[in-house]
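Descriptive structure summary
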Amino acid sequence: MSEIFDAEQRWLMRTYKRAPVEFVRGEGARLWDAEGREYLDFLAGISVCSVGHCHSAVVEAVRHQTARLSHVSNLYYSAPMVELAERLARGSLGGRVFFANSGTEANECAIKIARKHAHRRGVESPQIVSFQGDFHGRTYGSLAATPSLAANDALGPMLPGFCSVPFDDPEALRSAVDADTAAVLLETIQGEAGIHPLSEETLVAAREACDDAGALLIFDEIQTGCGRTGSLWSYEQTPVRPDVITSAKALGGGFPIGACITNEAAGEVLEPGDHGSTFAGGPVAARAALATLDVIDDPGLLREVRRVGGILRDALLEIQGIEDVRGRGLMLGVGLADGFDATEVAAGLLQRGLVVNAPEPRTLRLLPPLIIGEAEVGEAAEMIAAELGGGAS
Ligand code: PLP
């Protein structure tokens, strides 16, 4: 461990604070470190490995496609990409798809669509409105829509044309959306901020305000999508249908791929030359995503996500030291009682063999693979109870 630790310190840019463990193998909801210790993974690579680690269907799809044709330029046709686009569009908003390689890039595409759509209705300086606490990514467009990170002057100047309103405040949102608004870009459940769901009232206000202004409503489903909340897309469990959704993370079953998916009208906005990406939608990533969707886009599995998520929530609420559990399906934020330090609790849980993270000082985030069962839920709850059993520090 100390060798890789020293090499990491020397050769990698200092952008991450890593936990002191080197994972070398994964299977289902389990991970193993370099010393052979086993862990229960309740973070799944931050909602990436939703079908579990090394799912045989994804491994086989990638193996097969890599050996046949691993890359072809977007200047030519490629069947896996087209098949995946049809599946994603039919399974959501019915319009068109642009592929990307990550979440932030999927949002860049959505931002371009919103700005061009606004210019078409004669808006000179289009504005994109998001909520404080939102996280949309780290490239400059998505960064500008991520208020906490956009405040980092050292990375400035930021892209103009973005503003934010207080979280889950429908009135503030209504007054921020006007004739210059290109889009409202939001997470239905804020993930990086610590699992904070938006109320239905705010989602409805966002839809109405966008309709009144002629703006697009964009849901960033990068963390909430692909079955995480118990439906393929989180918006399905709300009264609101967005114009555009973005996806990444779990979409590729561990393989990098992102997608911007539109309704019919928004799908007509971008034209040749407006956008592109060398690797995006390549055959291997597309096959990985198709195999992943075969597993996730299944009413039986989605029902289990809701059921097992409910069991996990109930088990957590029984534990002393836990004040509240937020979220939906298998996207849960665990609010710890006063005096607990979530970072320390997460570190203690890692020692015990449970992988979770601490997005806020008093919140643990649980994003287990969607294939977990009651036994794993019981195991995780026991470890959390034991860790909190020591009481608040
Ligand atoms: N949007 C949301 C809601 C996210 O949770 C993330 C990543 O955590 C992103 C966008 C950025 O995705 P990526 O890291 O793949 O660029």
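Overview of the structure. (Residues numbered from 1 in each chain as written. Predicted model: local features only at pLDDT ≥ 70, side-chain atom pairs only at ≥ 80, totals over all residues. Heavy atoms only, no water.)

Moving on, we come to the pairing of strand β14 (residues 331-336). Of all 6 residues making up β14, 6 are buried, and the element is well covered by its neighbours. Here β14 shows a buried face lined by M331, G333 and G335 and a second buried face lined by L332, V334 and L336. In this sheet, β14 lies alongside strand β13 (residues 322-328) in antiparallel orientation, the contact comprising 6 bridges. Its bridge partner lying in β14, R328 is registered against M331. Remark: 2 residues form the turn of the hairpin made by β13 and β14, two consecutive strands paired antiparallel; G329 in that turn has positive phi of roughly 60 degrees. Here β14 runs beside strand β17 (residues 363-366); their pairing, made up of 4 bridges, is antiparallel. Bridging from a neighbouring strand, G333 pairs with R365 of β17. (Buried < 20%, exposed > 50% of the residue type's maximum accessible area, 1.4 Å probe, protein only. Helix = DSSP H or I, 4+ residues; strand = E, 2+ residues; numbered from the N terminus. Pairing = 2+ DSSP bridges.)

The next point concerns the site of the ligand. The local shell around the ligand holds 13 residues, among which G103, T104, D220, Q223 and K249 are the closest. Q223 places a side-chain nitrogen or oxygen 2.7 Å from an oxygen atom of the ligand. About the coverage of the ligand: the protein hides 81% of its 390 Å² of free accessible area. Examining the composition of the shell around the ligand, we find that 3 residues originate from one element, helix α5 (residues 103-120), more than from any other. Here the shell around the ligand is composed, by residue class, of 2 nonpolar, 7 polar and 4 charged. (Near = heavy atom within 4 Å. Polar contact = N/O pair within 3.5 Å; in protein donor to acceptor, adjacent residues only side chain to side chain. Areas by Shrake-Rupley, 256 points an atom, 1.4 Å probe, with all protein chains shown as cover. Nonpolar A, V, L, I, M, F, W, Y, C, P; charged D, E, K, R; others polar.)

A few words now on the sheet that holds strand β12 (residues 258-262). Taken together, the 7 strands give an open sheet; going across it, the order is β4-β12-β11-β10-β7-β5-β6, and neighbouring strands pair in mixed fashion. Two strands in the sheet have a free side with no partner beyond their single neighbour: β4 (97-100) and β6 (162-165). Across the sheet, the mean angle separating the axes of adjacent strands is 20 degrees when strand polarity is ignored. Pairing analysis gives 3 bridges linking strand β10 (residues 216-220) to strand β11 (residues 244-247), with the strands arranged parallel. Across the sheet, D220 pairs through a bridge with T246, a residue of β11. Most of the contacts of helix α4 (residues 79-90) go to β4, to which it runs at about 120 degrees, and overall it touches β4 and β12. Running at roughly 145 degrees to β10, helix α9 (residues 200-213) makes contact with β5 (127-131), β7 (181-186) and β10 of the sheet. (Axes fitted to C-alpha atoms, helices over the stretch in contact; angles between N-to-C directions. Contact = heavy atoms within 4.5 Å.)

A few words on the pairing of strand β1 (residues 23-27). Summarising the sheet, β1 and strand β2 (residues 30-33) pair through 4 bridges and their orientation is antiparallel. Bridging from a neighbouring strand, G26 pairs with L31 of β2. Connecting β1 to the next strand, β2, in antiparallel fashion are 2 residues, including G28 with a positive phi near 60 degrees.

Another point: the pattern of salt bridges. Scanning the model with the defined rule gives 25 salt bridges in all. D243 is the partner of R207 in a salt bridge, and the nearest nitrogen-oxygen pair spans 2.9 Å. Highlighted residues: R207 in helix α9 and D243 in the loop between β10 and β11, separated in sequence by 36 residues. Between R326 and D324 there is a salt bridge, and its shortest N-O distance comes to 3.2 Å. (Salt bridge = Lys/Arg side-chain N within 4 Å of Asp/Glu carboxyl O.)

Moving on, we come to the side chain of R326. Of note, R326 is situated in strand β13. A distance of 2.8 Å separates the side chain of R326 from the backbone oxygen of I195, its partner in a polar contact. Polar contacts involving the side chain of R326 include one to the side chain of D324, which spans 3.2 Å. When near neighbours in sequence (up to four residues on either side) are disregarded, R326 contacts G194, I195, H196, P197, R313, M331, L332, G333, G335, E360 and T363.

Contact geometry of helix α3 (residues 56-68) with helix α10 (residues 283-296) gives a least axis separation of 8 Å together with a crossing angle of 155 degrees. It follows that α3 is roughly antiparallel to α10 by the angle criterion. The interaxial crossing formed by α3 with α10 has right-handed handedness. Contacts between α3 and α10 pair A57, V58, A61, V62, Q65 and T66 from the former with P283, V284, R287, A288, A291 and T292 from the latter. Residue composition of the contact of α3 with α10, by class: 8 nonpolar, 3 polar and 1 charged. (Parallel < 35°, antiparallel > 145°, perpendicular 65-115°, else oblique. Left-handed = near helix turned anticlockwise from the far one by under 90°.)

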